[in-house]
Amino acid sequence: MLIFKWLNTFGNYLILMGRSLSRPERMRMFLKRYIKEMSQLGVDSIGIVLLISFFIGAVICIQIKLNVQSPWMPHWVSGYVTREIMLLEFSSSIMCLILSGKVGSNIASELGTMRVTQQIDALEIMGINSASYLILPKILGLITIMPFLVIFSAATGIVGAYATAYIAHIITPIDLTAGLQHDFNSWFMWMSIIKGFFFAFIISSVSSYMGYTVNGGSVEVGKASTDAVVCSSVLILFSDVFLTQLLS
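Residues numbered from 1 in each chain as written. Predicted model: local features only at pLDDT ≥ 70, side-chain atom pairs only at ≥ 80, totals over all residues. Heavy atoms only, no water.

The name given to the protein chain in an unreviewed UniProt entry is ABC transporter permease, and the organism recorded there is Prevotella fusca JCM 17724.

Quick look at the structure:
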């Protein structure tokens, strides 16, 4: 029965995505909502992305220098490891896990509230494809802004590492720069951006499904918001394994 329930949910999800990814009926209205969603989901998330990335970059540099590096290792190891962690995992995977909590709950609660207050039913009565009207701008808006969030996260993490070097004197700036430049592979940055595209689609589409299909009242809206964060996080972790293997 549990497998049947999962398959039924997955089928309903695919049906909803089929409706959502259809061509917008009014392009001018779609572009207006698209820009609004980019601002609401992406631009408003820049602050928390920069804050967390800054301190994570600083903490990684400190931890590697104090607890991992030994006299047998080159002095630039801390900078090298900080760069690799920020590019390969944090700026894409971990950051998207954080955004699933902020953005995912926002999308699910917004659509869930519209469902229980019958605003979505009103759109359907007027002959509007409510799935495409409400969900497609959210998906495309988050996908569009995600590469910038990934780049900002990686750059801010490196700035945090430099703050450790200049303020805390844990590592010299010269050694940190040498580590950041050592054996740099530009594909790692592209890999983070590609993974960010997939994770942005997962966050926006899954959260939209959870909110759009709410049945009940305010309690169900809260539950849908929680389910959206949990499901998005689990799917991001699973897909991260396959994407890392595929892109590497």
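What follows continues from the structure just given.
Turning our eyes to something else, we now look at the side chain of Arg83. Along the chain, Arg83 turns up in helix α4 (residues 77-116). A polar contact of 2.7 Å, which involves the side chain of Arg83, links it to the side chain of Glu84. A polar atom in the side chain of Arg83 sits 2.6 Å from the backbone oxygen of Leu180. Once you skip the residues sitting within four places of it in the chain, Arg83 turns out to touch Gly179, Leu180, Gln181, His182, Asp183 and Phe184. (Helix = DSSP H or I, 4+ residues; strand = E, 2+ residues; numbered from the N terminus. Polar contact = N/O pair within 3.5 Å; in protein donor to acceptor, adjacent residues only side chain to side chain. Contact = heavy atoms within 4.5 Å.)

A word on the packing of helix α9 (residues 187-212) against helix α10 (residues 218-247). Look at α9 against α10: their axes get within 9 Å of each other, and the N-to-C directions meet at 150 degrees. In terms of orientation, α9 and α10 fall into the roughly antiparallel class. Classified by chirality, the crossing of α10 by α9 is right-handed. Contacts between α9 and α10 involve Trp187, Met191, Ile194, Lys195, Phe198, Phe199, Ile202, Ile203, Val206, Ser207 and Met210 from the first element and Ala224, Asp227, Ala228, Cys231, Ser232, Leu235, Ile236, Ser239, Asp240, Leu243, Thr244 and Leu247 from the second. (Axes fitted to C-alpha atoms, helices over the stretch in contact; angles between N-to-C directions. Parallel < 35°, antiparallel > 145°, perpendicular 65-115°, else oblique. Left-handed = near helix turned anticlockwise from the far one by under 90°.)

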